[in-house]
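Topology and contacts: notes
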Amino acid sequence: MKNWCNVCTSYKLNMILHETSPHTLIVLEFVRKSAGMAAVKVFCPAISTASIRVILCLEEVGAEYERVNIDMATGEHKSPAHVAKNPFGQVPAFQDGDLVLFESRAIGRYVLRKFKASDVDLLHGSSLEESAMIDVWLEVEAQQYDKAIGPIFYQAVIIPRFYGGTTDEKVVEENLVKLAKVLDVYEARLSQTKYLAGDFFSFADLSHYPVTHFAIKIPQVAALFDARPHVKAWWESLESRPASKKVPAGLPQ
Ligand code: GS8
C-alpha cells in the first residue's frame, strides 16, 4: 500500500502514474487513450493573442494538452487541413476527440467547463449571479476593450514589425482616446472589486491578458495603465499568476 495516494482512483493506475520509465509512460498513454482521455490539441503558433487565451485556460486548469504548431509565415493557417478546423482560416483551432472548435473565447469556455475543479472554476457556473457578471465583463473585453487596444497593437507593432508597413498614427491616436475611456470604467469598477466580475479571478480577467501582455510595452498604453492605480494593481495581479509566466515574453524577432 505504500504507493497509494489521495488523487489516484485505483491501485493499478496509481502504480502506473508513479512510474516514470519510458515503458510505463507508453502504458500510461495507452490507459489515457483507452479511457477516452487523449490530450486535447490546440492548433496555433507559439505567439498569437487569441491562441494564448486558450493556452492560458489550459494552464490555469492544469489540463494536459498538445500545441500543434501552425506556421503562419508560410500561410499554413489558410491550408485546407487547417481551414477544415477553423473555416475562417485563423488561429487557434482546437480538437478534443471528435469535437473541433474555433473562436478562442468559446474554446476557453469549453476548456474551463470540461476541466473545472472545486478549487479551479473560472466561470463560476454554480452561481447564477457570479457567472452573469463574468459574462458581462467578457462581453466588455470583446466589444469595448479589444476593439480599442487591438487596433493600437496592430498599428503600432504588427504592421511595422511583420508587414514592413507604416503605422497609421491617426488610428493609434483615436483608439488611445477610446481605450482611455474604457479604462476609466475599469478604474471605477476595480476600485469596488478586486477583479472585474467580483472579488475573484475569472475568465473575464484572463481574457484580457494576451493582447495586454504585448500592448502594454507600447509607452502610450503603459501610461494609460500607470495613470489608473486600480487598473495597474489589477494588471500586476494578472501578470503574477503562474499561468501567465508561460506566455512568451516578447514577439518573435
Ligand atoms: C480571432 C482569431 C484571430 O484573429 C478568436 O479566435 O478569438 N475571434 C477570433 N486570429 C488571428 C491571429 S491573432 O490571434 C489570425 O489568425 N490572423 C490571420 C488571419 O486572419 O488571416
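Quick look at the structure, then. (Residues numbered from 1 in each chain as written. Predicted model: local features only at pLDDT ≥ 70, side-chain atom pairs only at ≥ 80, totals over all residues. Heavy atoms only, no water.)

When you go through the protein chain residue by residue, the secondary structure sums to 11 helices and four strands. Considering the protein chain as a whole, with its 253 residues, one finds that 45% of them fall into the buried category. Sequence-distant contacts, at least 24 apart, represent 63% of the contacts inside the protein chain between residues at least 6 apart. Summed over all atoms, the accessible surface of the protein chain reaches about 13600 Å², with 58% contributed by carbon and sulfur. (Helix = DSSP H or I, 4+ residues; strand = E, 2+ residues; numbered from the N terminus. Buried < 20%, exposed > 50% of the residue type's maximum accessible area, 1.4 Å probe, protein only. Contact = heavy atoms within 4.5 Å. Areas by Shrake-Rupley, 256 points an atom, 1.4 Å probe, with all protein chains shown as cover.)

Once that is clear, we can look at the pairing of strand S3 (residues 93–96). Successive residues of a regular strand alternate their side chains across the two faces of the sheet. The pairing of strand S1 (residues 40–43) with S3 spans three bridges and is classified as antiparallel. Bridge assignment links Val 42 to a residue of S3, and that residue is Phe 94. Examined bridge by bridge, S3 and strand S4 (residues 99–102) share four bridges and lie antiparallel to one another. Within S4, the position partnered with Phe 94 by the bridge is Leu 101. Following S3, the chain reverses through two residues before pairing antiparallel with S4; Gly 97 in that reversal takes a positive phi of roughly 60°. (Pairing = 2+ DSSP bridges.)

The next subject is the site of the ligand. In the neighbourhood of the ligand, 13 residues make up the surrounding shell, with Lys 78, Gln 90, Val 91, Glu 103 and Ser 104 lying closest. Ser 48 is positioned such that a nitrogen or oxygen atom in its side chain is 3.1 Å from an oxygen atom of the ligand. With respect to the ligand, the backbone of Ala 50 contributes an N or O atom lying 2.9 Å from an oxygen atom. Considering the ligand on its own, with 520 Å² of exposed area, one finds that the protein chains cover 70% of that surface. In this structure the site holding the ligand corresponds to the largest pocket. Listed by contribution, the elements that provide at least two residues to the shell around the ligand are helix H3 (49–61) and helix H5 (104–114). Here the residues of the shell around the ligand sort into four nonpolar, six polar and three charged. (Near = heavy atom within 4 Å. Polar contact = N/O pair within 3.5 Å; in protein donor to acceptor, adjacent residues only side chain to side chain. 1 Å grid on protein atoms, 1.4 Å probe; cavity = no way out; pocket = protein on both sides within 12 Å on 5 of 7 lines; lining within 4 Å. Sits in = over half its atoms within 2 Å of the grid points. Nonpolar A, V, L, I, M, F, W, Y, C, P; charged D, E, K, R; others polar.)

Right, let's get into the pattern of salt bridges. Scanning all chains against the criterion turns up 11 salt bridges. Here Glu 60 makes a salt bridge to Arg 241, at a shortest N to O gap of 2.8 Å. Taken together, the residues Glu 60 in helix H3 and Arg 241 in the segment after helix H11 (229–239) connect sequence positions 181 residues apart. Its relative accessible area of 21% is what places Arg 241 among the partly exposed residues. For the salt bridge of Asp 96 with Lys 114, the shortest nitrogen-to-oxygen distance reads 2.7 Å. Of this pair, Asp 96 sits in strand S3 while Lys 114 sits in helix H5, and the two are 18 residues apart along the sequence. On the basis of relative accessibility, which here comes to 12%, the residue Asp 96 falls in the buried class. Several salt bridges converge on common partners, so that one network encompasses Arg 53, Arg 105, Glu 141 and Asp 146. (Salt bridge = Lys/Arg side-chain N within 4 Å of Asp/Glu carboxyl O.)

Moving on, we get to the sheet that holds S1. The strand order across the open sheet built from four strands is S2-S1-S3-S4, with neighbouring strands paired in mixed fashion. The open sheet is flanked by strand S2 (65–68) and S4, the only strands paired with a single partner. Recorded for the sheet is a direction-independent mean angle of 20° between the axes of neighbouring strands. (Axes fitted to C-alpha atoms, helices over the stretch in contact; angles between N-to-C directions.)

Before going further, it helps to examine empty space enclosed by the protein. Enumeration according to the criterion identifies one cavity of 30 Å³ or more in this entry. Volume-wise, the largest cavity comes out at about 40 Å³. Around the largest cavity, the lining residues are Leu 56, Glu 60, Phe 201, Asp 205, Leu 206, Tyr 209, Leu 238, Arg 241 and Ser 244. Secondary-structure elements contributing two or more residues to the lining of the largest cavity are H3 and helix H8 (203–206). Its residues assigned to classes, the lining of the largest cavity comprises five nonpolar, one polar and three charged. (Points joined across faces, edges and corners; volume = space filled by probe spheres on them.)

Residue Pro 92 follows Val 91 across a cis peptide bond; omega there is 5°. With respect to the helices, strands and loops of the structure, Pro 92 is situated in the loop between helix H4 (80–83) and S3. One non-glycine residue, Glu 103, lies in the positive phi region at around 75°. A relative accessible area of 43% places Glu 103 in the partly exposed class. Positive phi, close to 45°, is recorded for His 124, a residue that is not glycine.

Working note: α-helix, 3.6 residues per turn, so residues spaced by three or four point in the same direction. Over its 35 residues, helix H6 (residues 128–162) extends only 43 Å from the first C-alpha to the last, a length that falls short of the 51 Å expected when each residue adds 1.5 Å. At Asp 146, H6 shows its maximal bend, which comes to roughly 50°. (Expected span 1.5 Å × (residues − 1). Bend = angle between axes of the 7 residues up to and from the residue.)

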